[in-house]
Amino acid sequence: MNILDGKHVSQVILSNAKQQIEQMQAKIGRVPGLAVIIAGNNPASASYVKSKAKKSAQAGIHSTLIEFDAAVSEEQIIDKIIDLNQDASVDGILVQLPLPGHLNQWKILDHIHPKKDVDCFHPLNQGRILLDRSSIFPCTPAGIIKLLDYYNIEIKGLNAAVIGRSFIVGKPMAALLTNRHATVTLCHSRTRNLPELLRRMDLIVSAVGIPDTVTADMVTENVILIDVGINHIANYEDAVRLCDQEETAKFSRKGYAITGDISKQAFKKSSWFTPVPGGVGLMTVALLIENTVALFNQHHSLV
Ligand code: GUN
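Conventions used here
- Residue positions within a chain follow its written sequence, with the count starting from 1.
- The predicted nature of this model means local features are confined to residues of pLDDT at least 70 and side-chain atom pairs, given and counted, to a pLDDT of 80 or more, with totals for whole chains, interfaces and linings taken over all residues.
- Note that the side-chain values use all heavy atoms of the structure and ignore hydrogens as well as water.
- For our purposes a nonpolar core is just a set of buried Ala, Val, Leu, Ile, Met, Phe, Trp, Tyr and Cys residues, chained together by side-chain atoms within 4.5 Å.
- The buried label applies to any residue whose accessible area, calculated with a 1.4 Å probe on protein chains only, is under 20% of its type's maximum; exposed applies above 50%, and partly exposed to all values in between.
- Only DSSP runs of H or I with at least four residues qualify as helices, and only runs of E with at least two residues qualify as strands; both kinds are numbered from the N terminus onward.
- We call two residues in contact when some of their heavy atoms are within 4.5 Å.
- What counts as a salt bridge is simple: a side-chain nitrogen of Lys or Arg found within 4 Å of a carboxyl oxygen of Asp or Glu.
- When we say a residue is near a molecule or strand, we mean one of its heavy atoms is within 4 Å of it.
- Pairs of N or O atoms are called polar contacts if they sit within 3.5 Å, as long as, within protein, a hydrogen donor faces a hydrogen acceptor (for residues adjacent in sequence, only side-chain-to-side-chain pairs).
- Each residue gets one of three labels, nonpolar for Ala, Val, Leu, Ile, Met, Phe, Trp, Tyr, Cys and Pro, charged for Asp, Glu, Lys and Arg, and polar for the others, Gly among them.
- Pairing between strands is defined by DSSP: at least two bridges between them are needed.
- By the counting scheme adopted, Arg and Lys are positive, Glu and Asp are negative, and His together with the chain ends is not counted.
- Convention adopted: a line fitted to C-alpha atoms gives each axis, helices being fitted over their contacting stretch, and angles between N-to-C directions are expressed from 0 to 180 degrees.
- Expected span, for any helix, means 1.5 Å times one less than how many residues it has.

**Some remarks on the nonpolar core**
Inference 1: With 53 residues, the main nonpolar core has Ile 144, Leu 148, Leu 177, Val 205, Ile 224 and Ile 226 as its most contacted residues.
Inference 2: In terms of residue count, the dominant contributor to this core is helix 13 (residues 280–299) (10 residues).
Inference 3: Once you skip the residues sitting within four places of it in the chain, Ile 144 turns out to touch Met 173, Val 205, Ile 226, Val 228 and Val 280.

**Let's talk about the pattern of salt bridges**
Inference 1: What the rule picks out here adds up to 11 salt bridges.
Inference 2: Arg 241 is the salt-bridge partner of Asp 212, the closest N and O atoms lying 3.9 Å from each other. Here Asp 212 is found in the loop between strand 7 (203–206) and strand 8 (224–227), whereas its partner Arg 241 is found in helix 9 (residues 236–242), with 29 residues between them in sequence.
Inference 3: With a relative accessible area of 32%, Asp 212 lands in the partly exposed category.
Inference 4: Using a relative accessible area of 53% as the deciding quantity, one classes Arg 241 as exposed.

**What about the site of the ligand?**
Inference 1: Neighbouring the ligand are Lys 52, Leu 94, Val 95, Gln 96, Leu 97, Asp 119, Phe 121 and Ile 168.
Inference 2: Take Val 95: an N or O atom from its main chain is 2.8 Å from a nitrogen atom of the ligand.
Inference 3: At 2.9 Å from a nitrogen atom of the ligand is found a main-chain nitrogen or oxygen belonging to Leu 97.
Inference 4: In terms of residue class, the shell around the ligand is built from 5 nonpolar, 1 polar and 2 charged.

**Structural notes on the pairing of strand 7**
Consecutive residues of a regular strand have side chains that alternate between opposite faces of the sheet.
Inference 1: Alternating positions in strand 7 separate into two faces, Leu 203 and Val 205 on one and Ile 204 and Ser 206 on the other, with burial throughout.
Inference 2: Where strand 5 (residues 159–163) meets strand 7, 4 bridges bridge the pair, whose relative direction is parallel. Looking at the pairing, Ile 163 lines up with Ser 206 of strand 7.
Inference 3: Bridging between strand 7 and strand 8 involves 4 bridges; their strand directions are parallel. Opposite Leu 203, over in strand 8, you have Ile 224 as the bridge partner.

**Structural notes on the side chain of Asp 261**
Inference 1: Inspection of the secondary structure assignment puts Asp 261 in the loop between strand 10 (257–259) and helix 12 (264–269).
Inference 2: The side chain of Asp 261 is buried and forms no salt bridge, while Lys 264, the nearest opposite charge, is found at 9.4 Å.
Inference 3: For Asp 261, the side chain forms a polar contact with the main-chain nitrogen of Gly 209, separated by 3.2 Å.
Inference 4: In this structure the side chain of Asp 261 is engaged in a polar contact, spanning 3.2 Å, whose partner is the side chain of Asn 231.
Inference 5: Apart from residues no more than four positions distant in its own chain, Asp 261 is found in contact with Ser 206, Ala 207, Val 208, Gly 209, Ile 210, Pro 211, Asp 212, Thr 213, Val 214, Asp 227, Gly 229 and Asn 231.

**A short note on the sheet that holds strand 5**
Inference 1: If you walk across this open sheet you meet the 6 strands as 1-11-8-7-5-6, and the pairing is parallel. Of all strands in the sheet, those with a lone pairing partner are strand 1 (2–3) and strand 6 (183–187), marking the two edges.

**What about the environment of Pro 98?**
Inference 1: Summarising the element assignment, Pro 98 is placed in the loop between strand 4 (92–95) and helix 4 (105–109).
Inference 2: For Pro 98, a relative accessible area of 49% gives the class partly exposed.
Inference 3: Taking the C-alpha atoms as reference, Pro 98 lies 15 Å from Val 208; in sequence the two are 110 residues apart.

**Considerations on the sheet that holds strand 2 (residues 33–39)**
Inference 1: Strand order across the open sheet formed by 3 strands is 3-2-4, with parallel pairing between neighbours. At either end of the open sheet lies a strand with only one pairing partner, and these are strand 3 (62–68) and strand 4. Along the sheet, successive strands turn relative to each other by an average axial angle of 15°, direction set aside.
Inference 2: Sheet analysis places strand 2 next to strand 3, joined by 7 bridges and oriented parallel. By the bridge assignment for strand 3, Val 36 is matched with Leu 65.

**Overview of helix 6 (residues 139–150)**
Inference 1: Over its 12 residues, helix 6 extends 16 Å from the first C-alpha to the last, a length consistent with the 16 Å expected when each residue adds 1.5 Å.
Inference 2: In terms of burial, helix 6 is a largely internal element, 9 of the 12 residues being buried.
Inference 3: Within helix 6, the full set of buried residues consists of Cys 139, Thr 140, Pro 141, Ala 142, Gly 143, Ile 144, Ile 145, Leu 147 and Leu 148.
Inference 4: Residues of helix 6 that are buried sit in contact with helix 1 (6–28), helix 7 (170–179), strand 7, strand 8 and helix 13.
Inference 5: Positive backbone phi, approximately 55°, marks Asn 152, located one or two places after helix 6.

Keep in mind that these numbers describe shape and distance, not what the molecule does.
This is the structure in structure tokens:
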């Protein structure tokens, strides 16, 4: 049971990005610019965006947060995106999801210029991912591949299951693993006999957002377990049952604890696993920074 340490690897990525940004500033005379749009007051989104802004600033990126209230119209967000598309100091644009329910996310995301699409959510970029012709990839799946590469885990030939078929994580994760020559099964809420299927897997990525989606009886010895879930547990007994000891100890101070989709007992059977917190979440932010730097380089034809 070895840890895929997202805290360590994300710090390595951040310090490399910081060095690159210092060199860019000397050469080009400006630093990469990232614009983050958030609408409404989803507490989880607010906390992710705060962490994205803080880490971007640490790396030397100029990040701008654009906040709209929950009643914002599609047109107001689209007008802002059109401005940002034309702003030469902005290299990457991110619209934090989910958006308030009355907004059509596709209409909004489609307006981000594909060359400023730091999340890789534009249909053109999603197509490039499938063709393995993109220079950047959605932050969470790209972060997971980086983590596996950092620990020299060979992906080629693995039987891999991805649970969850969102365009943010599951679908691009399946594409990235396929591009790296894994044999991939993309599972979801209608998948029949998930436990039996999972027991045949060498690698499992769970991106569902439900604790205990993967339990010890569903996995084989030495499986690699990647946990994308970030679930808030507000009841102490549940926290004791579901969260690791360090996280449970924080319960009285925070009033909640965090756990992923995969049970601690399942981790005990694994060869490698990502802890929650301290695994995939930190890699997502690190890859956002790496993607912003890559878009800046492309913007200035440095690559
Ligand atoms: N919401 C959850 N994950 C993400 C992400 O990677 N990007 C954006 N824009 N929103 C998210």
